[in-house]
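What follows is the residue order along each chain.
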Amino acid sequence: MRRNKQDIIYDMLVAVQSKGGTILPTHLLYKSNLSHSKMKDYLAELMSKELLEYVEVNDKQKIRMTEKGFKFLQSLRKLREFTDAFGI
Amino acid sequence: MVSVVVHNPEWFLRTDIVFSAISIFVSLLVAAVSFRSWFVIKRLRYLAWSLAFLTLSGAFFTRMFANLVPSTDPFYSLTFYVGYGLHIVGTIFAFLTLFIVANKMENPRVMALFYLLIIPAIFLSASYFFSFYIITTIITAMLAATYLQHALKVKRFSSFCVFSAFLMLFLAHVQFLLSSLDKVFYFSASISQLLAFVLFLITIIKVLKS
């Protein structure tokens, strides 16, 4: 089934959360099932909204979910449950 | 001459007010959660859904207010007609909006046609009571059918709750129609309607706990 923008963002944030809030970009690319260019676009948007950020961990660049990102993911979960229930 | 007839047994009047208060609370809760959803992703249908439930709570409030005014009050007649008039128009607007959003209609001319066809049907009718409950029975039946299809597709507890809620609303409106034959139907209709809002409440609690 074709995912919409909201589904893709949800999958990306869930992927980061499942790794304890910090993930390698290559792992995120694999887990979110996107092309490299698409993921770059989505990452840029999520970074600009301060939901994700780049951090250096043991000389490796990783992606970390911010506090705002965790709260947004929680809101998205409620939204999905609401959408599934009411079909809107 | 247009008439508003209410087949509410007198012994049930106070309880009916409590039932209305519960319906208002649940409708406002659904409206608030839907508005919050709109705030997160700015999709118009969440705002319309919120507006529909907000209107529904307003419709229950005007009816509750009309029932609270004692028959000895000099403004009783005016309050009664305005209260029930607003209840009728508000409920139909709310149910129609729910139907339009649930069926993902996007053509503004089709939506306008829906509203325009129903409002004159109410005002040109000889009896507000029958035309109102016949229209709401049809819309709630369509809503129940829409949500049966959705629940079978999604297969989730909350979607079955929403289907059951609309089914209970449909049964409630059928019984409201029958209350002209026997006042006991008004009581059973109110119970069915209360059950519908309890089911909406269970759904919203599940959404908020997710």
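Residues numbered from 1 in each chain as written. Chains lettered and ligands numbered in written order. Predicted model: local features only at pLDDT ≥ 70, side-chain atom pairs only at ≥ 80, totals over all residues. Heavy atoms only, no water.

(A) The sheet that holds strand β2 (residues 52-57) of chain A, seen in detail. Residue and element names in this part refer to chain A. Read across the open sheet, the three strands follow the order β1-β3-β2; overall the sheet is antiparallel. Strands at the two margins of the open sheet, each flanked by one partner only, are β1 (22-23) and β2. As paired elements, β1 and strand β3 (residues 60-65) share two bridges and run antiparallel to each other. Its bridge partner lying in β3, T22 is registered against R64. (Pairing = 2+ DSSP bridges. Helix = DSSP H or I, 4+ residues; strand = E, 2+ residues; numbered from the N terminus.)

(B) A look at the environment of L29(B). Residues and elements named next belong to chain B. Position of L29 relative to the elements: it lies in helix α1 (residues 13-41). Judged by its relative accessible area of 24%, L29 is partly exposed. For L29 and L54, which are 25 residues apart along the polypeptide, the C-alpha to C-alpha distance reads 9.0 Å. With near-sequence residues (within four places) excluded, L29 lies in contact with L201 and I204. (Buried < 20%, exposed > 50% of the residue type's maximum accessible area, 1.4 Å probe, protein only. Contact = heavy atoms within 4.5 Å.)

(C) View of the interface of chain A and chain B. If you look at the interface, chain A gives 17 residues, while chain B gives 28 residues. Regarding the contact of chain A and chain B, the summed buried area is about 1900 Å², with carbon and sulfur atoms giving 62% of it. Considering only the side of chain A, the residues that lose the most area to chain B are E81(A), F86(A) and I88(A), jointly responsible for 37% of the buried surface there. On the surface where chain A and chain B come into contact, there are three salt bridges. (Buried area = accessible area lost by both parts, 1.4 Å probe. Salt bridge = Lys/Arg side-chain N within 4 Å of Asp/Glu carboxyl O.)

(D) Examining the packing of aromatic side chains more closely. Enumeration over the complete set of coordinates arrives at 20 aromatic pairs over all chains. A ring pair is formed by F99(B) and F114(B), whose centres lie 6.0 Å apart and whose planes are at 45°; its orientation type is tilted. Of this pair, F99(B) sits in helix α3 (residues 76-102) while F114(B) sits in helix α4 (residues 108-123); the two residues are 15 residues apart in sequence, bridging distant segments of the chain. The exposure class assigned to F99(B) is buried, which follows from its relative accessible area of 13%. Following the ring pairs from residue to residue traces out a cluster consisting of F82(A), F86(A), Y46(B), W49(B), F53(B), F60(B), Y147(B), F166(B), F197(B) and F200(B). Above the ring of W38(B), the side-chain terminus of K42(B) is found at 5.0 Å from the ring centroid. Cation over ring: K42(B) sits above F39(B), and NZ or CZ is 4.4 Å from the ring centre. (Phe/Tyr/Trp six-rings, centres within 6.5 Å; stacked < 30°, edge-to-face > 60°. Lys NZ or Arg CZ within 6 Å of the ring centre and 35° of its normal.)

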